[in-house]
Amino acid sequence: MKSRLQRLLGNKKSRFSKSALTKISEGDESLPDTEVSSASSGILSHDDEDYALYYDDPYADVRDEMERLAEHDRARFATHTDANRQDQDGGHHDEEITVPWFSAYTVYMGYAMMIFWGHIHDFCAYLLGVGRYIRQQSGLPGDDLTKFAPLLKSWEHFYTRRLYTRVQDCFNRPIASNPGAHIDVLERVSADGQKSLQVLGSVDNLDTDEQRNDYRQGPYYTQTDGGAAARHCVNLGSYNYLGFADDWMATCGPDVKASLQDFGVSMASTRTEYGTTTKHRELEETVARFLGKEDAVVLNMGFNTNATTIPALVERGDLLISDELNHTSIVSGARASGAAIRIFKHNDPQHLEEILRQAIVKGKPRTRRPWNKIMVIVEGIYSMEGEYCDLKNIVRVCKKYGAYIYLDEAHSIGAMGPTGRGISEYCGVDTADIDIMMGTFTKSFGGMGGYIAASKEVIEFLREKCAGSIYHNSLSPVVCQQCLSAFKIIMGEDGTNVGKHKLQSLRDNSNYFRMKLREMGLLVMGHYDSPIMPVMLFHATKISAFSRECFKRGLAVVVVGFPAVPLLVSRARFCISAGHTREDLDRALAEIDEVADLVNLRYSKSVFG
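Below or above, wherever it landed, is the structure these notes cover. (Residues numbered from 1 in each chain as written. Predicted model: local features only at pLDDT ≥ 70, side-chain atom pairs only at ≥ 80, totals over all residues. Heavy atoms only, no water.)

**Regarding the overall build of the protein chain**
Then, in step 1: Within the protein chain, the secondary structure is distributed over 20 helices and 18 strands.
Then, in step 2: Relative to its full complement of 609 residues, the protein chain shows a buried share of 53%.
Then, in step 3: Pairs at least 24 residues apart make up 71% of the contacts formed inside the protein chain by residues separated by at least 6 positions.
Then, in step 4: Total accessible area on the protein chain is roughly 28100 Å²; 53% of this is exposed by carbon and sulfur atoms. (Helix = DSSP H or I, 4+ residues; strand = E, 2+ residues; numbered from the N terminus. Buried < 20%, exposed > 50% of the residue type's maximum accessible area, 1.4 Å probe, protein only. Contact = heavy atoms within 4.5 Å. Areas by Shrake-Rupley, 256 points an atom, 1.4 Å probe, with all protein chains shown as cover.)

As structure tokens, this is what we get:
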């Protein structure tokens, strides 16, 4: 009978012996244990001498309320220690967002009118031969559409022309600084009704002296070193969770620049050829030690970590069970794997258990034979919802039915838990109970790429079978050093309390910002202690209105609409950083409060906003 590890690797060939497989599958008691705490909420002790010396609490006046709200969410959604809840033994705990009837009606009407008038414009342009989107003859063979198929499908092209271009100034904004708590956003202009956007460059490129003077006198006007006009904004959109972009020269910078002398920027090779350096090995060992796993492999892109690892682990004859709100990288990897896919309701362990029982009882379609293996995939923090995973109950269900669990910690590693070890530490789950741990270095660590941490046998298998390891260019050794430096700071191995302070600042800033947004009457998704705060906009028109009004006031925000989220639930998404000060957040909150009145966003108080 196959061991659990052999079933995970499946029938794919491996060069490892049966004795090695047996040794790994039975477990190695010499593995280090990861310190987890189911009682700590992740806050430093205020009686700690280091805390008092290093950390002057800027939230002393609201500390008790912040802690009460954070512990309330944690007891309900993470540890399930709230005795007042009747469903603490499992179930769908999250508070779902209900779309107000008025918003649903007006959103559908708005899209219907835009589509209707878009078709009218297209018809008139075709009839008259005049319009922004009339195809211009280039003299190339591709102009003859009787011989060449169009590159774009008609609906996709129509959506881009008539809907997306109306709001595209709210996306893809170029910046001219590091992505710290404050950023300089380059100004753009359009001469063709937003069909295309160009960087303004110098203010002298504006049409009139009045425009130039008005712009120079603006409170957020600044210039790049090259003289290009930019706007100095509070950054509420970047994944700079631990603030390494703000203090890079004082924390990671010296070691990273020194690594350039030894390795250069790129290894110009894959990991299986000449792309593995001592930095790669050191980073993998550090990741494994940080998470309490046997081994780890690092890849050069977070998206491709999921997209190439999942097809290596599962194939035809296997079953993947995925949370309905999992990231598109997981969706891409699942589709590429050839495995059968089932979806369970978001963060709902009861529904997951129903699907697992049905899959085990019924087996494969038609033949009814057992699945070769079953893998459940969840995320630590869901990036569009700001909610953390009900990991304790998910793991309980997976262990009960013998399913493997694959945990994506792109947003939670380094940002959750008392020591930054992610959602497993935060929820009090032993990492030994999680078969595959995935994460990225692009958020908390200020780098790029991703990792997989698991047993040594699984990692060796992935090094040989995962396309991200075999075919992709190796992760830059300079980025490896950035991640190593960040790990040392987070773990306190640099001899300072900087890492502890960063973790505390991120948590405090996030909880304060969430608390104040809710006090305004905004409809805020997610849980306390999560650094991601989606605020519901609902209307497509409010996407552009909110983004532009915030930009006028020196706030750089991210807005999200269809097709990234369902049609009715457009939203703004705030990402908070340890680099923000309370003064930054208070100024941002004052501006958002003003914009909320202009755009009518107080949906928790009224269906009309």
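**Concerning the side chain of asparagine 326**
Then, in step 1: Along the chain, asparagine 326 turns up in the loop between β7 (319-323) and α11 (328-337).
Then, in step 2: Within the structure, asparagine 326 has its side chain in polar contact with the side chain of serine 322 (distance 2.7 Å).
Then, in step 3: One polar contact links the side chain of asparagine 326 to the main-chain carbonyl oxygen of isoleucine 377, over a distance of 2.9 Å.
Then, in step 4: Contacts of asparagine 326, omitting those with residues within four sequence positions, involve Val331, Ile377, Val378, Glu379 and Tyr382. (Polar contact = N/O pair within 3.5 Å; in protein donor to acceptor, adjacent residues only side chain to side chain.)

**Describing the side chain of arginine 421**
Then, in step 1: With respect to the helices and strands, arginine 421 occurs in the loop between β12 (404-408) and α14 (423-427).
Then, in step 2: No salt bridge is formed by the buried arginine 421; its nearest oppositely charged neighbour, glutamate 425, is found at 4.8 Å.
Then, in step 3: Polar contacts involving the side chain of arginine 421 include one to the main-chain carbonyl oxygen of phenylalanine 290, which spans 2.8 Å. (Lys, Arg positive; Asp, Glu negative; His and termini not counted. Salt bridge = Lys/Arg side-chain N within 4 Å of Asp/Glu carboxyl O.)

**Some remarks on the pairing of strand β1 (residues 182-186)**
Then, in step 1: Of all the 5 residues making up β1, 4 are buried; the element is thus mostly covered by neighbouring parts of the structure.
Then, in step 2: Two elements, β1 and strand β5 (residues 229-235), share 5 bridges in a ladder whose sense is antiparallel. Residue aspartate 184 lies in a different strand from β5, and its bridge partner there is histidine 232. (Pairing = 2+ DSSP bridges.)

**So, the nonpolar core**
Then, in step 1: One finds Leu283 and Leu391 to be the most contacted residues of the largest nonpolar core, which totals 66 residues.
Then, in step 2: Here this core takes 9 residues from helix α17 (residues 477-491), the largest share from any one element.
Then, in step 3: Beyond its immediate sequence surroundings of up to four residues, leucine 283 is in contact with Val298, Phe441, Leu475, Cys480, Cys483, Leu484 and Phe487.
Then, in step 4: Counting residues in hydrophobic clusters, the runner-up holds 44 residues, among them Tyr59, Val524, Met525 and Leu589. (Core = buried A, V, L, I, M, F, W, Y, C linked by side-chain atoms within 4.5 Å.)

**Describing the packing of aromatic side chains**
Then, in step 1: Enumeration over the complete set of coordinates arrives at 18 aromatic pairs.
Then, in step 2: A centroid spacing of 5.3 Å and a plane angle of 85° characterise the contact between tyrosine 215 and tyrosine 221, whose relative ring orientation is edge-to-face.
Then, in step 3: By way of ring pairs, the aromatic residues Phe290, Phe441, Phe445, Tyr451 and Phe487 are connected into one cluster.
Then, in step 4: Just above the ring of phenylalanine 551 sits the side chain of arginine 173; from NZ or CZ to the centre is 4.3 Å. (Phe/Tyr/Trp six-rings, centres within 6.5 Å; stacked < 30°, edge-to-face > 60°. Lys NZ or Arg CZ within 6 Å of the ring centre and 35° of its normal.)

**Let's talk about the layout of surface pockets**
Then, in step 1: Approximately 1000 Å³ is the volume attributed to the largest pocket.
Then, in step 2: Along the walls of the largest pocket sit 46 residues, with Glu324, Leu325, Asn326, Met384 and Glu385 positioned nearest its centre.
Then, in step 3: Take the lining of the largest pocket: its biggest share by element is 6 residues, from α11. (1 Å grid on protein atoms, 1.4 Å probe; cavity = no way out; pocket = protein on both sides within 12 Å on 5 of 7 lines; lining within 4 Å. Points joined across faces, edges and corners; volume = space filled by probe spheres on them.)

**What to know about the sheet that holds strand β14 (residues 450-454)**
By definition, the strands of a sheet pair up through backbone hydrogen bonds, in either a parallel or an antiparallel sense.
Then, in step 1: Taken together, 7 strands build an open sheet; the order of strands is β6-β14-β13-β12-β9-β7-β8 and the sheet is mixed. The outermost strands of the open sheet, each flanked by one partner alone, are β6 (295-299) and β8 (340-344). The sheet shows a mean angle of 20° between the axes of neighbouring strands, direction not considered.
Then, in step 2: Across 5 bridges, the pairing between strand β9 (residues 374-379) and β12 is parallel. Along β12, the bridge assignment pairs methionine 375 with tyrosine 404.
Then, in step 3: Strand contacts of α11: β7, β8, β9 and β12, with the helix running at about 165° to β7, the strand carrying the most contacts.
Then, in step 4: In the packing of helix α12 (residues 349-362) onto the sheet, the strands contacted are β7, β8 and β9, and the crossing angle to β8 comes to about 150°. (Axes fitted to C-alpha atoms, helices over the stretch in contact; angles between N-to-C directions.)

**Topic: the packing of helix α10 (residues 302-313) against helix α15 (residues 456-465)**
Helices that pack against each other are described as a pair by the angle of their axes relative to one another and the distance between those axes.
Then, in step 1: Running from N to C, α10 and α15 point in directions that differ by 110°, and their axes come no closer than 10 Å. By the angle between their directions, the pair α10 and α15 is classed as roughly perpendicular. Of α15, the residues touching α10 (which contributes Thr309, Ala312 and Leu313) are Val458, Phe461, Leu462 and Lys465.
Then, in step 2: In terms of residue class, the contact of α10 with α15 is built from 5 nonpolar, 1 polar and 1 charged. (Parallel < 35°, antiparallel > 145°, perpendicular 65-115°, else oblique. Nonpolar A, V, L, I, M, F, W, Y, C, P; charged D, E, K, R; others polar.)

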